[in-house]
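# Coordinate analysis (summary)
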Amino acid sequence: MSQLDVPVALLDAVRAQARTELAPLVGAIDQEGLYPAEYLQHLGALGGFGASVPVEHGGSGLGLATQIDVTTQVGSECGATAFLVWCQSTCAWYLQHAPNPAVRERYLQPVAQGTLFAGTGMSNAVKHLAGLEKIQLHAARRDGGYVVSGNLPWVSNVGADHLVIVTAAVENAGYVMFAVRGDAAGLHLHPCPEFSGLEGTQTLNLRFKEVQVSSDHVLAHPHQFEAYMARIKAGFVLGQAGMGFGVIEGSLKTIRESNASNAGVNAFLDDQGSELAAELAQLKARAALLAHQAQTGHAPIIEALKLRARTSELTLRAANSAVLHAGAKGYLMRHPAQRRLREAVFVAIVTPALKHLRKEIHDLEQLQAQAA
């Protein structure tokens, strides 16, 4: 097999596995809150979380663009599970770029290979840094590390035997980003109120009460944090595009199936399948280019934000169109169209939400205009 064939082989395997192992679980994931642990373990063994991770650290070294394609393949069957793939692969992204080797050597390979599940609890920190909310975790320096207290309301892909990566404010020093096990002393996991979708993502409330964090669990100390965030943010944002692309592909499938018997009347709807598919192809090509740049640390963050915002907008349009194409059938709970609509709304509200993205883009454009 040539080097050019490797990404194709991986994506073919992921697609086949999603159809045979994931598709039968989608109803239970959506309606019963099933967390698809066994499927995720199998996907990890296949290489589904480590495309951007170097081979020497347990990945395939194929790059972030391929990881986005993997998430897309999963999302074409189940948007909730695609979100879990993003959580896991993004934690691998954090770890591979961490300036502190101890945490990287400890956790990168098991996270990349799916033998250790990991959740990214960075929503609050990312919104805080954009000026949208107060930081919820606070850390005090102690010999050999930090002591952390505070609450994070919604963190996904977490559990007692999982890893979670989060950020806390350090008084008069900036921020520290660190990894902690779900069963750490002082860390308490609580269920969240029931969501309208994405219930199978094992999303919990995390309450930190004087949790001890040693230096070998720190990804970035305060003096490293700003440069580190600049290195990982574009990949964090671009990785989510695969969630949207997958939901769009699922919505296009519903449109095609509906048109098999109702093409005549469906022709009067806005957002026809061919138009949506053409826009999706453009977004995928742009995402691939930006992902290659992010892999080397050179993706313009404003372009990554714009790509992510356009993905949210197209996902909403595609899912809405799928429901309208399906008609009354699409309003049934067992029909995929209404599930896709709820998944699409999640793509547009998960951090960074569409309104968050537009604010950051506006702020950056204002800075560019002032500098011109």
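Right, let's walk through the structure included here. In this text the structure is predicted, and so the values were computed from the model without any measurement.

Across all of its chains, the model carries 14 salt bridges by this definition. Where Arg-342 meets Asp-30, a salt bridge forms, and the shortest distance between an N and an O atom there is 2.8 Å. Taken as a pair, Arg-342 in helix 12 (residues 336-349) and Asp-30 in helix 2 (residues 26-32) lie far apart in primary sequence, 312 residues in all. The same class applies to Arg-342 as to Asp-30, namely buried. A salt bridge links Glu-343 to Arg-339, with the shortest nitrogen-to-oxygen separation between them at 2.9 Å. Residue Glu-343 and its partner Arg-339 are both found in helix 12; the two are separated by four residues, about one turn of the helix.

As a further point, take the packing of aromatic side chains. For the structure on display, the rule yields eight aromatic pairs. Where Phe-178 meets Phe-208, the ring centres are 6.5 Å apart and the plane angle is 90 degrees; that geometry is what we call edge-to-face. Here Phe-178, found in strand 5 (residues 174-181), pairs with Phe-208, found in strand 7 (residues 204-214); they are 30 residues apart in sequence, far enough to count as distant. Taking the relative accessible area as the measure of exposure, Phe-178 reaches 0% and is therefore buried. Under the relative-accessibility criterion, Phe-208 is labelled buried at 4%. Chaining the aromatic ring pairs together yields one cluster made of Phe-83, Trp-86, Tyr-94, Phe-236 and Phe-346.

Quick look at the side chain of Asn-100 now. Mapped onto the elements of the fold, Asn-100 is located in the loop between helix 5 (79-97) and helix 6 (101-113). Separated by 3.1 Å, the side chain of Asn-100 and the backbone oxygen of Leu-219 make a polar contact. What Asn-100 contacts, discounting residues up to four positions off in sequence, is Val-218, Leu-219, Ala-220, His-221 and Gln-224.

A few words on helix 4 (residues 64-75). Taking 1.5 Å of rise per residue, 12 residues should cover 16 Å, and helix 4 covers 16 Å from first to last C-alpha, within 8% of that figure. When you tally the buried positions in helix 4, you get 11 out of 12 residues, the bulk of the element. Among the residues making up helix 4, those that are buried are Leu-64, Ala-65, Thr-66, Gln-67, Ile-68, Val-70, Thr-71, Thr-72, Gln-73, Val-74 and Gly-75.

With 18 residues, helix 13 (residues 354-371) should cover 26 Å at 1.5 Å per step; its first-to-last C-alpha distance of 26 Å lies within 8% of that length. Listing the buried residues of helix 13 in full gives Leu-354, His-356, Leu-357, Glu-360 and Ile-361. All buried residues of helix 13 project into a common sector of 155 degrees when viewed along the axis, lining one side. With respect to the buried face of helix 13, the exposed residues turned more than 90 degrees away are Lys-355, Ala-369 and Gln-370. Buried residues belonging to helix 13 abut helix 7 (123-129), helix 8 (222-239), helix 11 (301-326) and helix 12.

Soluble globular proteins tend to pack their nonpolar side chains together in the buried interior. One finds Tyr-94, Met-177 and Leu-219 to be the most contacted residues of the largest nonpolar core, which totals 92 residues. Counting residues per element, this core draws most heavily on helix 5, which supplies 12 residues. Setting aside residues no more than four positions away along its own chain, Leu-219 makes contact with Tyr-94, Leu-95, Ala-98, Pro-99, Asn-100, Val-103, Ile-165, Met-177, Phe-178, Ala-179, Gln-224 and Tyr-228. Judged by nonpolar contacts, the second largest core, of 22 residues, contains Val-155, Val-164, Val-170 and Phe-178.

What counts and how
- Residues numbered from 1 in each chain as written.
- Predicted model: local features only at pLDDT ≥ 70, side-chain atom pairs only at ≥ 80, totals over all residues.
- Heavy atoms only, no water.
- Salt bridge = Lys/Arg side-chain N within 4 Å of Asp/Glu carboxyl O.
- Helix = DSSP H or I, 4+ residues; strand = E, 2+ residues; numbered from the N terminus.
- Buried < 20%, exposed > 50% of the residue type's maximum accessible area, 1.4 Å probe, protein only.
- Phe/Tyr/Trp six-rings, centres within 6.5 Å; stacked < 30°, edge-to-face > 60°.
- Polar contact = N/O pair within 3.5 Å; in protein donor to acceptor, adjacent residues only side chain to side chain.
- Contact = heavy atoms within 4.5 Å.
- Expected span 1.5 Å × (residues − 1).
- Arc of directions from axis to C-beta.
- Core = buried A, V, L, I, M, F, W, Y, C linked by side-chain atoms within 4.5 Å.

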